[in-house]
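# Results of the structural survey
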Amino acid sequence: MAYGFDISTTIKAIVELQLNISLPLILYTNSKLIYKCLIKLGTIQEKRLMINIICLRQLYKRRKIAKVKWINGDSNPADAITKSKPLLALKRLINTNQIKLKTVEWVERTVLAT
């Protein structure tokens with residue numbers, strides 16, 4: 001997850017420089033545990049994830065991450081990489097070149113004045 005965040009911030013910076021625009025960074029996860037750890041300050045027992053969660057939580061608090069959304073696992077095409085069953089989300093992505101993520105829960109935050 002942290003690796004994906006690193007890649008997305010790099011892509012975001014390149015696009016912003018090239019197009020001279022500001023883009024929000026939205027983090028999507030199909031893990032309810034990770035979502036709760038980031039948004040609701042939940043705890044996690046897996047040591048390998050603790051540092052990543054702490055870093056992402058700080059970035060969210062500093063508003064480097066605009067939104068965190070918990071999505072339905074069935075709409076996540078990346079699950080096809082880790083699951084043995086065929087996924088309709090991946091088939092849809094291949095056939096239509098579109099991703100349709102079904103958001104289960106999200107948090108609305110107020111915008112800070114700059």
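The coordinates are above.
Below, the discussion takes up the overall build of the protein chain. Secondary structure summary: the protein chain contains five helices and three strands in total. Helices and strands appear in the protein chain in the N-to-C order α-β-α-α-β-α-α-β. Considering only contacts in the protein chain between residues 6 or more positions apart, those separated by 24 or more positions represent 58%. Just so you have it, the protein chain exposes about 8500 Å², and 58% of that area is on carbon and sulfur atoms.

By size, the foremost hydrophobic cluster in this structure holds 16 residues, and its most contacted members are Leu38, Ile53, Ile65 and Val68. At the level of secondary structure, the elements contributing two or more residues to this core comprise helix 2 (32-39), helix 3 (47-61) and strand 2 (67-71). Looking at this core, the element that brings in the most residues is helix 2, giving five residues.

So, about the pattern of salt bridges. Within the structure shown, the criterion is met by one salt bridge. Lys12 is the partner of Glu16 in a salt bridge, and the nearest nitrogen-oxygen pair spans 2.7 Å. Of the two residues, Glu16 and Lys12 are both situated in helix 1 (residues 2-19); the distance of four residues between them amounts to about one turn of the helix.

Reading the values: rules and limits
Residues numbered from 1 in each chain as written. Predicted model: local features only at pLDDT ≥ 70, side-chain atom pairs only at ≥ 80, totals over all residues. Heavy atoms only, no water. Helix = DSSP H or I, 4+ residues; strand = E, 2+ residues; numbered from the N terminus. Contact = heavy atoms within 4.5 Å. Areas by Shrake-Rupley, 256 points an atom, 1.4 Å probe, with all protein chains shown as cover. Core = buried A, V, L, I, M, F, W, Y, C linked by side-chain atoms within 4.5 Å. Buried < 20%, exposed > 50% of the residue type's maximum accessible area, 1.4 Å probe, protein only. Salt bridge = Lys/Arg side-chain N within 4 Å of Asp/Glu carboxyl O.

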